[in-house]
Amino acid sequence: GAVVSQHPSWVICKSGTSVKIECRSLDFQATTMFWYRQFPKQSLMLMATSNEGSKATYEQGVEKDKFLINHASLTLSTLTVTSAHPEDSSFYICSARDVVQSADTQYFGPGTRLTVL
Amino acid sequence: AQKITQTQPGMFVQEKEAVTLDCTYDTSDPSYGLFWYKQPSSGEMIFLIYQGSYDQQNATEGRYSLNFQKARKSANLVISASQLGDSAMYFCAMSSNSGYALNFGKGTSLLVTP
């Protein structure tokens, strides 16, 4: 199946710093990528939909100035957590939609575990 | 708005037995997709099975089958011949044609015992 990578797999940072997470589709093109957040022992919650070449669409309650999303190419989307605080500590997972395959084919990255001290 | 409900926070099953994980949903979209994902402790989301709302037959993928009852708005996952490696969190999810993003249920933790 198709492969989606995320980098880094885990990151620890100090409060107030910014962290960039990359999501790459390795063997297919993805016009649409999704960013989810998962707190411990909870479900995945959609944060935003990232479309190549256009602005991301954020879910209600997600601060777009805090979680900057850039989808500059058909294989790369980045999520930057700006001025991170301990409450931003979470598991961030991206998924990518394959434009060639069926509209319902989504592939998930392995996730990035962010810890803000 | 869509809603996915998984009422079983945890389930136990003995190795080699079958187990059913429940999922009910609510949506006003005429066309939608239903998914099941497995999430082991490593955190990766592993796709298991997909059912389209217009599919006439229940989806099957190896030991996984989806018991789709559209009138009852349920999409239960059946795992046959459970294996120790099946122990994980299982999430039911739904997509719609309006955006393709997935809306997840709260998950069911499955523990397979020897």
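Up top you'll find the structure we're talking about.
Criteria and cut-off values
- Residues numbered from 1 in each chain as written.
- Chains lettered and ligands numbered in written order.
- Predicted model: local features only at pLDDT ≥ 70, side-chain atom pairs only at ≥ 80, totals over all residues.
- Heavy atoms only, no water.
- Patch = residues over 30% accessible without salt bridge, like charges linked within 9 Å, V, L, I, M, F, W, Y side chains within 5 Å.
- Areas by Shrake-Rupley, 256 points an atom, 1.4 Å probe, with all protein chains shown as cover.
- Salt bridge = Lys/Arg side-chain N within 4 Å of Asp/Glu carboxyl O.
- Helix = DSSP H or I, 4+ residues; strand = E, 2+ residues; numbered from the N terminus.
- Contact = heavy atoms within 4.5 Å.
- Buried area = accessible area lost by both parts, 1.4 Å probe.
- Nonpolar A, V, L, I, M, F, W, Y, C, P; charged D, E, K, R; others polar.
- Disulfide = S-S within 2.5 Å.
- Buried < 20%, exposed > 50% of the residue type's maximum accessible area, 1.4 Å probe, protein only.
- Pairing = 2+ DSSP bridges.

S.K.: Would you explain a nonpolar patch on the surface in this entry?
M.R.: A contiguous nonpolar patch, built from Trp-10, Ile-12 and Leu-117 of chain A and spanning about 390 Å² of accessible area, is present on the exposed surface. Locating Leu-117 of chain A in the fold gives a position in the segment after β11 (112-116).

S.K.: I tried to follow the interface of chain A and chain B on my own but got confused; where do I start?
M.R.: Frequently, the measure chosen for interface size is the accessible area that the parts lose on association. Listed per partner, the contact involves 16 residues of chain A and 17 residues of chain B. Interface area, chain A with chain B, both sides summed: about 1,300 Å², of which 57% is carbon and sulfur. Put simply, chain A and chain B have 0 salt bridges between them. When contributions to the side of chain A that touches chain B are tallied by element, the ones reaching two or more residues are β4 (32-38), β5 (44-51), β9 (90-97) and β10 (106-108) of chain A. In terms of residue class, the side of chain A that touches chain B is made up of 9 nonpolar, 5 polar and 2 charged.

S.K.: Please clarify how the state of the cysteines should be interpreted in this entry.
M.R.: A covalent bond between the sulfur atoms of two cysteines is referred to as a disulfide. Residues and elements named next belong to chain A. Applying the stated criterion across every chain yields a total of 2 disulfides over all chains. A disulfide bridge connects Cys-23 with Cys-94, and the sulfur atoms are separated by 2.0 Å. Across the S-S bond linking Cys-23 and Cys-94, the dihedral sits near 80 degrees, which makes this disulfide right-handed. Of this pair, Cys-23 sits in strand β3 (residues 19-25) while Cys-94 is found in strand β9, placing the two residues 71 residues apart along the sequence. A relative accessible area of 0% places Cys-23 in the buried class. In this structure Cys-94 comes out as buried when scored by relative accessible area, which is 0%.

S.K.: Explain the environment of Ala-30 of chain A to me, please; I cannot follow it from the model alone.
M.R.: Structurally, Ala-30 of chain A can be placed in the loop between β3 and β4. Separated by 20 residues in sequence, Ala-30 of chain A and Ser-50 of chain A place their C-alpha atoms 9.9 Å apart.

S.K.: Explanation requested: the pairing of β9 of chain A in the structure shown.
M.R.: Put simply, side chains in a regular strand alternate between the two faces of the sheet. Residues and elements named next belong to chain A. Burial analysis of β9 places 8 of its 8 residues in the buried class, which makes it a mostly covered element. The side-chain alternation of β9 yields two buried faces, one formed by Ser-90, Tyr-92, Cys-94 and Ala-96 and the other by Phe-91, Ile-93, Ser-95 and Arg-97. Relative to β9, β4 runs antiparallel, the two being bridged by 7 bridges. Looking at the pairing, Trp-35 lines up with Cys-94 of β9. Pairing geometry for β9 and β11, over 3 bridges, is antiparallel.

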